[in-house]
Amino acid sequence: MDPGKAMRIAMEEALRGQERGEVPIGAVLLEADRILARAHNETILANDPSAHAEIVAIRRAAIAAGNHRLPGTILCVTLEPCMMCFGAILQARIGILYFGARDPKAGGLQLFEEAQQRGLVHGKLAITGGILEEPAGAMLTRFFREKRE
């Protein structure tokens, strides 16, 4: 599936989360062109600090696949994953990560890349950021602006 199309699906999921009172972050996990799972943040709804969109999507896909490993899959998320989510992505053996907006405050990409360079990361993960970065970021900017007002 085209990364832009996958990102639009993830953004739809983020809006579903926002409608439920969550920070609008969405994810879609794919195997080729087939959607294995889609999710949005559920940290507030589930009272679970680990219920980030990425982890919820990975959990759903693993259950559907009947396997905790998801090799060759593609994860598309609207915001750069945090370190917790990078750990889950690696444990699941996801092959490709696409993300939209960068997260200079809590994003884990820089730490992930440093760990990878030092040989501390097992497995291979291809990462492309900035997919529909402007609309993905604008969704979060609007959300937090409205919260402050």
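Please read all numbers here as calculations on a predicted model, not as lab measurements. (Residues numbered from 1 in each chain as written. Predicted model: local features only at pLDDT ≥ 70, side-chain atom pairs only at ≥ 80, totals over all residues. Heavy atoms only, no water.)

Draft legend 1. Examining helix α5 (residues 133-148) more closely. Taking 1.5 Å per residue as the helical rise, α5 with its 16 residues ought to reach 22 Å, and the 23 Å between its terminal C-alpha atoms agrees with that figure. In the core, the buried residues of α5 are packed alongside α1 (3-19), β3 (74-79) and β4 (96-101). (Helix = DSSP H or I, 4+ residues; strand = E, 2+ residues; numbered from the N terminus. Expected span 1.5 Å × (residues − 1). Contact = heavy atoms within 4.5 Å.)

Draft legend 2. Spotlight on the packing of helix α2 (residues 53-65) against helix α3 (residues 83-91). The geometry of α2 relative to α3 is characterised by a closest axis approach of 9 Å and an angle of 20° between their N-to-C directions. Here α2 lies roughly parallel to α3, going by the angle between them. Where α2 crosses over α3, the two elements pack in a sense that is left-handed. Where α2 abuts α3, its residues Glu54, Ile55 and Ile58 lie against Met84, Cys85, Ala88 and Ile89. Of the residues belonging to the contact of α2 with α3, the class tally is six nonpolar, no polar and one charged. (Axes fitted to C-alpha atoms, helices over the stretch in contact; angles between N-to-C directions. Parallel < 35°, antiparallel > 145°, perpendicular 65-115°, else oblique. Left-handed = near helix turned anticlockwise from the far one by under 90°. Nonpolar A, V, L, I, M, F, W, Y, C, P; charged D, E, K, R; others polar.)

Draft legend 3. Just the sheet that holds strand β2 (residues 34-40), in detail. On the basis of which strands lie adjacent, the open sheet formed by five strands has the order β2-β1-β3-β4-β5 and mixed pairing. Of all strands in the sheet, those with a lone pairing partner are β2 and β5 (126-128), marking the two edges. Each neighbouring strand pair of the sheet contributes to a mean axis angle of 15°, computed without reference to strand direction. Bridging between strand β1 (residues 26-31) and β3 involves four bridges; their strand directions are antiparallel. Across the sheet, residue Leu29 finds its bridge partner in β3, namely Leu75. (Pairing = 2+ DSSP bridges.)

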